[in-house]
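Spelled out, the chains give:
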Amino acid sequence: MEKNPYIGPFLLKNGFIKYKLSDNIYYTSQCTINVLDDCYEILFENELGEVSMYTDSWSIYHLVGILTWNDLIDKNYNK
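Residues numbered from 1 in each chain as written. Predicted model: local features only at pLDDT ≥ 70, side-chain atom pairs only at ≥ 80, totals over all residues. Heavy atoms only, no water.

Novice: How should the nonpolar core be read in this particular structure?
Specialist: In this structure, Leu 11, Phe 16, Ile 33, Ile 42 and Leu 67 are the most contacted members of the largest nonpolar core, which totals 18 residues. Elements that contribute at least two residues to this core include exactly helix 1 (7-13), strand 3 (31-35), strand 4 (40-46) and helix 2 (60-69). Considering every element that reaches this core, the biggest residue donor is helix 2, with 4 residues. Contacts of Phe 16, omitting those with residues within four sequence positions, involve Leu 11, Tyr 26, Tyr 27, Thr 28, Cys 31, Ile 33, Leu 67 and Ile 73. (Core = buried A, V, L, I, M, F, W, Y, C linked by side-chain atoms within 4.5 Å. Buried < 20%, exposed > 50% of the residue type's maximum accessible area, 1.4 Å probe, protein only. Helix = DSSP H or I, 4+ residues; strand = E, 2+ residues; numbered from the N terminus. Contact = heavy atoms within 4.5 Å.)

Novice: How should I be thinking about the pairing of strand 3 in this particular structure?
Specialist: The side chains of a regular strand alternate between both faces of the sheet. Judged by how many residues are buried, strand 3 sits mostly within the fold: 4 of 5 residues are covered. Both strand 2 (residues 25-27) and strand 3 contribute to a ladder of 3 bridges, which runs antiparallel. In the strand pairing of strand 3, Tyr 27 is matched with Thr 32. From the end of strand 2 to the start of strand 3, which pair antiparallel, there are 3 residues. Bridge count between strand 3 and strand 4: 5 bridges; the pairing is antiparallel. Within strand 4, the residue paired with Asn 34 across the bridge is Glu 41. Taken together, strand 3 and the strand that follows it, strand 4, pair antiparallel across an intervening segment of 4 residues. (Pairing = 2+ DSSP bridges.)

Novice: Is there a simple way to explain the environment of Val 35 in this structure?
Specialist: By the element assignment, Val 35 lies in strand 3. Sequence separation of Val 35 and Ser 22 is 13 residues, and the distance between their C-alpha atoms is 10 Å.

In structure tokens, the structure reads:
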């Protein structure tokens, strides 16, 4: 069962693919998002190497902020 029913459609509209073995993991060539029990884990690489970031909650605004700030999603994303 999907932990947050609203995040999946948003990520799919913005180029993410749902990982087949799990209902709660979405990915692109740039990053992976794991929907945890109370937050999002965002995994990506930058000039420092592999980065793992977490949000404070299931706030979509916080997730979008991290994704756009790190150029992991287009700033003109689809709502």
